[in-house]
Amino acid sequence: MAESISAGRKPDSYLNPFLSDHAPPVIEDPYSVPIEQINMIDGRLFQQDLHWQHFKRLREEDPVHENYLPRVGRYWSITKFDDIMFVDKNHDKFSSAHGIGIGPRVGDVTSSEDLDLSMFIAMDQPKHDLQRATVSGVVAPPNLAKMEATIRQRAGKILDDLPLGETFNWVDRVSIELTTQMLATLFDFPFEDRSMLTRWSDVATAAPRSGVVESEAQRRDELLECLAYFTRLWNERALMEHPGSDLISMLAHGENTKDMQPMEFLGNLILLIVGGNDTTRNSMSGGVLALNENPGEYNKLRRDHLLIPNMVSEIIRWQTPLPYMRRTANEDIELGGKKIKAGEQLLMWYISGNRDGDVIDRPDEFLIDRKSARHHMSFGFGIHRCMGNRLAEMQLRIIWEEIMKRFSYVEVVGEPVRLRSSFVRGISDLPVRVHKL
Ligand code: HEM
């Protein structure tokens, strides 16, 4: 779920000048500039892990913070836990239908090159609820229980194949591989073609000339190939008298989804592919990094594997794989003493809410035995609360249970490489070495 798909279009310097080659220098010390200059949309803050102090200053001095960009108009950064919760829960006042990443001003015409994707994360009631209800069963507890053994067996195989005594990239070998296999299971996607899922997920969220795709036309063509592939699967499964419990069968037979237009089908596919991919992947990598940076917590885990479920929640808080979600005000409204106008965008910075000391005890410490560890913002709240949260937690629990059966130490041996994005907080390289028990 990146800016591109969330607004149905590419994330580019047209909207976000911080992505351009002529971006102003990054603000390293937020206390060295007037507060008006702080703009959290700058992906370099996340790439260089500089954002913590920026958010701290905003929470303390200006928790509903105003910024302006020519193509976006005025928009607001919401950085306190309770304010974020208020916006997320009041879906009648704050709409998702104009996009969930920063986007063009409401009513602005968009480029005809873009695919007009439609997905339920970017819809309001009643359509949102109908579409969500149709697919949510696939990640409901009974279905998850059926999947657990398959995931465990696949996770075990991935870990058993890791090279001992060699440095390798944890992201490629474990995080991406396991989440891709999981997606293939969810869609009942031909297993031998599963790398295409990773490719489509990357393409969906890539900017032109990002190294992933060369042009917007290439991006469009590849996503249309994705649509064609899934349409074939759809057509086969739509004819089945006894539909399976995979996502495609559920969509093809669901009362509210069976007549979806192609771009709506593609949009929802991409939502499920990207939603279940980047987020879980980055939590797997982020967990390894957090334990290495907090050796005392790694020792606690070695002593007591029963801490794993609690640790998983703490990892998801600590990583906050999606730093923000956008809403658009339906009406003029006052928040934190600021007058927000109808049509203006609000960015709910979950990553900042997760460090709000008024709600979370010792928020800047990574504590795997934290009390109330599930009380974090990383999955959002309200009608759009993450549909796959239990699946994500299960995957992370299993991978850690299997890691602890095999390795005394997953040792980070080099600097992590982070993504230049304020929407997906991700790690692309994490050099590690694994040590056997
Ligand atoms: C650690 C992993 C994950 C994180 C941090 C995460 C985070 C989020 C967030 C922040 C939202 C929006 C919440 C809001 O607007 O209030 C969301 C929505 C969603 N997520 Fe996740 N997610 C994760 C894993 C998954 C997985 C594994 C799936 C796969 C099924 C998934 C599917 C979805 C869907 C379909 C939505 C849209 C829900 C709606 O609009 O009703 N997510 N997720």
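**Things to note about the overall build of the chain**
Inference 1: When you go through the chain residue by residue, the secondary structure sums to 16 helices and 12 strands.
Inference 2: In terms of overall dimensions, the chain is globule-like: its C-alpha atoms have a radius of gyration of 21 Å, near the 22 Å expected for 437 residues.
Inference 3: Seen along its three principal axes, the alpha-carbon backbone of the chain occupies a region of about 55 × 55 × 40 Å.
Inference 4: The buried share of the chain, reckoned over its 437 residues, is 57%.
Inference 5: Contacts in the chain between residues at least 24 apart in sequence constitute 72% of all its contacts with a sequence separation of at least 6.

**A look at the coordination of the iron atom of the ligand**
Inference 1: Donor atoms from the protein around the iron atom of the ligand number only one, C386 (SG), found at 2.3 Å.
Inference 2: Locating C386 in the fold gives a position in the loop between α15 (350–353) and α16 (389–406).

**Examining the site of the ligand**
Inference 1: Taken together, 28 residues sit near the ligand, with H128, R132, R327, H384 and C386 positioned nearest.
Inference 2: The side chain of H128 places a nitrogen or oxygen atom 2.6 Å from an oxygen atom of the ligand.
Inference 3: A distance of 2.8 Å is found between an oxygen atom of the ligand and a side-chain nitrogen or oxygen belonging to R327.
Inference 4: Elements that contribute at least two residues to the shell around the ligand include exactly α5 (127–136), α11 (262–275), α12 (278–293), β5 (324–329) and α16.

Basis of the calculations
- Residues numbered from 1 in each chain as written.
- Predicted model: local features only at pLDDT ≥ 70, side-chain atom pairs only at ≥ 80, totals over all residues.
- Heavy atoms only, no water.
- Helix = DSSP H or I, 4+ residues; strand = E, 2+ residues; numbered from the N terminus.
- Rg over C-alpha atoms; globule rule 2.2 N^0.38 Å.
- Buried < 20%, exposed > 50% of the residue type's maximum accessible area, 1.4 Å probe, protein only.
- Contact = heavy atoms within 4.5 Å.
- Donors = N, O, S within 2.8 Å, 3.2 Å for Na, K, Ca; no water.
- Near = heavy atom within 4 Å.
- Polar contact = N/O pair within 3.5 Å; in protein donor to acceptor, adjacent residues only side chain to side chain.

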